[in-house]
Each structure stands twice: as C-alpha cells, then as structure tokens.
Amino acid sequence: MKFSFIFSAMAVLMLAVSCNVNSDKRKSFTDVVEYNDFIVDHINTLDSAYILALATDSGIDVCMKKCDQLVELCDKTTEEFKGIQPYQGDSTLTMQALAYTQFMRNNGKTEIKKLLKLIDKYQNASFEEQEKMVEEVQATAENIDKQYDIEINKVDKVQQKFSVKHNFKVLKTRS
C-alpha cells in the first residue's frame, strides 16, 4: 500500500513537472480569425511602411530613412511571428508571412535603396543623361512592383488555403 502511494505521488509530481518544462511560451490563439488578423495586421503595417519608403515626393533622403525604418519593422515583425504558436498545429500562414517579411526586409535594405539612388541620379542628371536612364529607372521600379505582387500573392494563396482548412472566410482587400 505504501509503495503504491509513493509511486502514485511520484507519477503525479513527474507529470506536473513535465507539463511545466515543456510548456510553449509563445502566444497562442484559440480563435482562427484572431490568428489570421494578427498576421494580416502585421503584413498591412509592413505594406504601409513599404509605400512610404517609395513616396519620393517626400525627397530621397526621407525615403532612405523610411527604408531603414522598414528594415527595423521587418525585424520586429519577424520576432512577433516567431513568438506565436501555429494554429492547431498549422504554421503555413505564419511561415509564408515570415517569408514575406524577409522579402520586405530585403526590399528595404537593398532593392528600394537601389531604385532611390537611381532616381536621385536621374533627377540630378542633364536632359541627355535622363533620356539614357529613363528605361533603367522604369525597369527597376517595375521589377520591384512585380516582385512585390509575386510575394503578396503567395501570402494570399496560403491564406486562402488556410481559411478553407480552418473554415473561415477571408475578405479580399487587394486587387
């Protein structure tokens, strides 16, 4: 009798300890819409920062600083995404959002700055030099837009599959 009591007490103690040791400290979601909205809100914030980084009417220097802010925001967003648990074991949306965040980080760090430097050079060039540069500026801008469309469409596709799997409706906000 004494042995079974000690054995039972040890089993309960080990179970309690193992539950606390293995507990996942990341933020969890019980509502799929909250999970989705958490990710989408972060993506929308990145998109807003991306647009500001490309708003050249504010001046090239301002845009360069906005690029640096976009990179910082991407780093914070990466940490936020790494700090959440998959929804019911499904991490596809988070993983695609992380890939998108890294794409945006690269854009802010290199691609947009490359375009901004090119625009600055174009704006300070003579008319003849501008004529030679116009195609390069347009091609660089179009490439950035094209890559953005590819990456955001990947997020949209994964989100659509995720919504079907978890039975909720995604409101289409992008065209």
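See the structure shown above.
Residues numbered from 1 in each chain as written. Predicted model: local features only at pLDDT ≥ 70, side-chain atom pairs only at ≥ 80, totals over all residues. Heavy atoms only, no water.

Another point: the overall build of the chain. When helices and strands are tallied, the chain shows five helices and zero strands. Starting at the N terminus, the α and β elements of the chain follow one another as α-α-α-α-α. Burial status across the chain gives 35% buried among its 175 residues. Counting only contacts in the chain whose residues sit at least 6 apart along the sequence, the fraction spanning at least 24 positions is 75%. (Helix = DSSP H or I, 4+ residues; strand = E, 2+ residues; numbered from the N terminus. Buried < 20%, exposed > 50% of the residue type's maximum accessible area, 1.4 Å probe, protein only. Contact = heavy atoms within 4.5 Å.)

Moving on: the nonpolar core. Within the largest apolar cluster, 41 residues are counted, with the highest numbers of intra-cluster contacts made by Tyr35, Ile39, Tyr100 and Met104. Broken down by secondary-structure element, the contributors of at least two residues to this core are helix H2 (32-53), helix H3 (60-82), helix H4 (92-123) and helix H5 (127-165). Tallying contributions element by element places H4 first for this core, with eleven residues. Beyond its immediate chain neighbours, meaning those up to four positions away, Met104 contacts Leu46, Asp47, Tyr50, Leu70, Cys74 and Tyr148. (Core = buried A, V, L, I, M, F, W, Y, C linked by side-chain atoms within 4.5 Å.)

Turning next to the side chain of Asn36. In this fold, Asn36 is placed in helix H2. Residue classification places Asn36 among the buried positions, given a relative accessible area of 6%. With residues up to four places along the chain from it excluded, the contact list for Asn36 reads Leu93, Gln159 and Phe168.

So, on to the pattern of salt bridges. Applying the stated criterion across every chain, the model contains five salt bridges. In this structure, Asp24 engages Arg26 in a salt bridge whose closest nitrogen and oxygen atoms are separated by 2.6 Å. Residue class for Arg26 comes out partly exposed when judged on its relative accessible area of 33%. Across the pair Asp75 and Arg105 runs a salt bridge, and its minimum N-O distance is 2.5 Å. Placement of the pair is Asp75 in helix H3 and Arg105 in helix H4, with a sequence separation of 30 residues. (Salt bridge = Lys/Arg side-chain N within 4 Å of Asp/Glu carboxyl O.)

With the rule as written, the count across this model stands at nine aromatic pairs. Put simply, the rings of Phe29, Tyr35, Phe38, Tyr87, Phe162 and Phe168 pair up and form one aromatic cluster. (Phe/Tyr/Trp six-rings, centres within 6.5 Å; stacked < 30°, edge-to-face > 60°.)

Right, let's get into the environment of Val40. By the secondary structure assignment, Val40 is in helix H2. Each C-alpha atom of the pair Val40 and Asp156 lies 9.9 Å from the other, and the pair is 116 residues apart in sequence.

The subject of this paragraph is H3. Between its terminal C-alpha atoms H3 stretches 33 Å, which fits the 33 Å expected from 23 residues at 1.5 Å a residue. Residues of H3 that are buried include every one of Ile60, Cys63, Met64, Cys67, Leu70, Val71, Cys74, Thr77, Thr78 and Phe81, and no others. Buried residues along H3 sit in contact with H2 and H4. (Expected span 1.5 Å × (residues − 1).)

A word on the packing of H2 against H5. If you want to describe how two helices pack, look at the angle between their axes and the distance between the axes. Put simply, H2 and H5 touch, their axes get as near as 12 Å, and they point 175 degrees apart. What the angle tells us is that H2 and H5 run roughly antiparallel. On H5, the residues that touch Val32, Tyr35, Asn36, Val40, Ile43, Asp47 and Tyr50 of H2 are Ile144, Asp145, Tyr148, Ile152, Val155, Gln159 and Phe162. (Axes fitted to C-alpha atoms, helices over the stretch in contact; angles between N-to-C directions. Parallel < 35°, antiparallel > 145°, perpendicular 65-115°, else oblique.)

For H5, spanning 39 residues, the distance from its first C-alpha to its last is 56 Å, which sits close to the expected 57 Å at 1.5 Å a residue. Bending of H5 peaks at approximately 45 degrees at the position of Met133. Looking one or two residues past H5, Asn167 carries a phi angle of roughly 60 degrees, positive in sign. (Bend = angle between axes of the 7 residues up to and from the residue.)

It is worth spelling out the side chain of Gln130 at this point. Looking at where Gln130 falls in the secondary structure, it is placed in helix H5. What makes Gln130 buried here is its relative accessible area of 18%. Once residues lying within four places of it in the same chain are set aside, the contact partners of Gln130 are Tyr122, Gln123 and Ala125.

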